[in-house]
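An overview of the molecular structure
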Amino acid sequence: MTTALITHADCLRHETPTGHPEQVARVEHVLHALEPLALRRVGAPLAAEDDILRIHPIDHLRGLRDALPQAGFAKIDGDTFMSPGSLDAAFRAAGAMVRAVDMVLSGEVDNAFAAIRPPGHHAESETAMGFCLFGNAALAAKHALDHHGLKRVAVVDFDVHHGNGTQDLLWDEPRALVITSQQMPLWPGTGRVDEDGAYGQILNMPLPPDSDGATMRSAYAEQAFPRLRAFKPELIIISAGFDAHRDDPLANLNWSTEDFAWLTAELCSLAAALCAGRIVSTLEGGYDLNALAQATRAHVEELIKAAP
Ligand SMILES: [Zn+2]
């Protein structure tokens, strides 16, 4: 049994203006760091339009198609851009998650990591924002629920920014437990404790600026892990952003690479106890290239350890 690494060269065709933190080099650094590891490498397919429409209305898709530039960049909002290759990249990113869920649920692999961009957790139902075009993690959850017929899926989002998009897309989905930790205050400004979903199935864990891995570990141990045990998910989806790393330029948490390894190992051990180890993880943020590469490698090494 094994860990799948799902990616596609098209994810490098989503370009952003010079100096933009969400840059092509991110996935290049991640893939370089993962090169020595024993992974089953899988090419991400393009998502079908129906996969996208599971979470976004057709107008969202039409809007992005209309905005796609022939050359240069289209500015979607203050920090979200599209280049000529962006839609192909976004369809590969979404397709990677569909394929990851299919492979893990069929037992073809134990778990999977999607090294993709654009990231997804800020994309709301009708709004691309925060570098994100489609809600990749929510799309994976809906695919597992609606296509595969699972009854309970958990999404755990440890990106330093609140996963407002995932929260929006799964707000009224009682079959999805959403657990998200984020620095607060920080962009996008959402993620308060009282934002708990239509069925109380969303757990927001705001973390104070300048706090460290110890604060994170307590929050997960005291709040997140008991909720996961009680919910008994059949699949755990991870929105793996690495921008809570102490070297990240966009935020002010002080997690170490070991903190990401610890959190991943804990989630793997919960998955082993609750859902035969089934985990699908997707890359979200992480903007210091070296910290991103190291923390991603530590994360994937734990996935591999959990898939003996
Ligand atoms: Zn982030």
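These notes cover the structure that comes with them. (Residues numbered from 1 in each chain as written. Predicted model: local features only at pLDDT ≥ 70, side-chain atom pairs only at ≥ 80, totals over all residues. Heavy atoms only, no water.)

**Focus on the coordination of the zinc ion**
Listed as protein donors to the zinc ion are Asp159 (OD), Asp159 (OD), His161 (ND1) and Asp243 (OD); their distances from the metal cover 2.0 to 2.8 Å. Its four donor atoms give the zinc ion angles of 52 to 157 degrees at the centre, a pattern that matches the irregular case. (Donors = N, O, S within 2.8 Å, 3.2 Å for Na, K, Ca; no water. Tetrahedral: all angles 85-135°; square planar, octahedral: opposite > 155°, others 65-115°.)

**Examining the packing of aromatic side chains**
Across all of its chains, the model carries eight aromatic pairs by this definition. Note on phenylalanine 91 and phenylalanine 134: the rings are 5.4 Å apart at their centroids and 85 degrees apart in plane angle, and the pair reads as edge-to-face. One end of the pair, phenylalanine 91, is in helix α4 (residues 86-106); the other, phenylalanine 134, is in the loop between β5 (111-114) and α5 (136-147), and 43 residues separate them in sequence. For the pair phenylalanine 91 and phenylalanine 134, one class covers both residues: buried. Seen in terms of ring centroids, phenylalanine 158 and phenylalanine 242 are 5.8 Å apart; in terms of plane orientation they differ by 70 degrees. Their pairing is edge-to-face. With phenylalanine 158 in the loop between β6 (153-157) and α6 (164-169) and phenylalanine 242 in the loop between β9 (235-240) and α8 (257-275), this residue pair connects regions lying 84 residues apart in the sequence. By relative accessible area, which is 1% here, phenylalanine 158 ends up buried. By relative accessible area, phenylalanine 242 is classed as buried at 1%. By way of ring pairs, the aromatic residues Phe158, Phe242, Trp255 and Phe260 are connected into one cluster. (Phe/Tyr/Trp six-rings, centres within 6.5 Å; stacked < 30°, edge-to-face > 60°. Helix = DSSP H or I, 4+ residues; strand = E, 2+ residues; numbered from the N terminus. Buried < 20%, exposed > 50% of the residue type's maximum accessible area, 1.4 Å probe, protein only.)

**Considerations on the nonpolar core**
In terms of nonpolar packing, the biggest core is built from 50 residues, with Ile6, Ile52, Phe134, Val153, Leu235, Ile237 and Val280 touching the most fellow members. Secondary structure elements with two or more residues in this core: β1 (3-7), α3 (58-67), α4, β5, α5, β6, β7 (176-183) and β9. The greatest single-element share of this core, amounting to 13 residues, is contributed by α4. Judged by nonpolar contacts, the second largest core, of 46 residues, contains Leu34, Val160, Leu267 and Ala295. (Core = buried A, V, L, I, M, F, W, Y, C linked by side-chain atoms within 4.5 Å.)

**Points about the pattern of salt bridges**
Here the structure, examined in full by the defined rule, presents 16 salt bridges. One salt bridge connects arginine 92 with aspartate 10, and the closest N-O pair in it is separated by 2.9 Å. Placement of the pair is arginine 92 in helix α4 and aspartate 10 in the loop between β1 and α1 (24-34), with a sequence separation of 82 residues. Arginine 92 gets classed as buried once you look at its relative accessible area, which sits at 15%. Through salt bridges that share partners, Asp10, Arg13, Asp88 and Arg92 make up one connected network. (Salt bridge = Lys/Arg side-chain N within 4 Å of Asp/Glu carboxyl O.)

**With respect to α8**
For α8, spanning 19 residues, the distance from its first C-alpha to its last is 26 Å, which sits close to the expected 27 Å at 1.5 Å a residue. Of all the residues in α8, the buried ones are Thr257, Asp259, Phe260, Ala261, Leu263, Thr264, Leu267, Cys268, Leu270, Ala271 and Cys275. Along its buried surface, α8 packs onto β6, α7 (213-231), β9, β10 (279-283) and α9 (289-305). Immediately downstream of α8, the backbone of alanine 276 shows phi near 55 degrees, a positive value. (Expected span 1.5 Å × (residues − 1). Contact = heavy atoms within 4.5 Å.)

**Regarding α7**
Given 3.6 residues per turn, any residue in an α-helix points the same way as the ones three and four places further on. With 19 residues, α7 should reach 27 Å at 1.5 Å per residue; the first-to-last C-alpha distance of 25 Å fits that figure. The axis of α7 is deflected most strongly, by about 40 degrees, at tyrosine 220. Listing the buried residues of α7 in full gives Gly213, Met216, Ala219, Tyr220, Ala224, Phe225, Leu228 and Phe231. On the buried face of α7, the contacting elements are β6, β7, β8 (202-207) and α8. For α7, the capping residue at the N-terminal end is aspartate 212, with a side-chain oxygen 3.1 Å from the backbone nitrogen of alanine 214. (Bend = angle between axes of the 7 residues up to and from the residue. Polar contact = N/O pair within 3.5 Å; in protein donor to acceptor, adjacent residues only side chain to side chain.)

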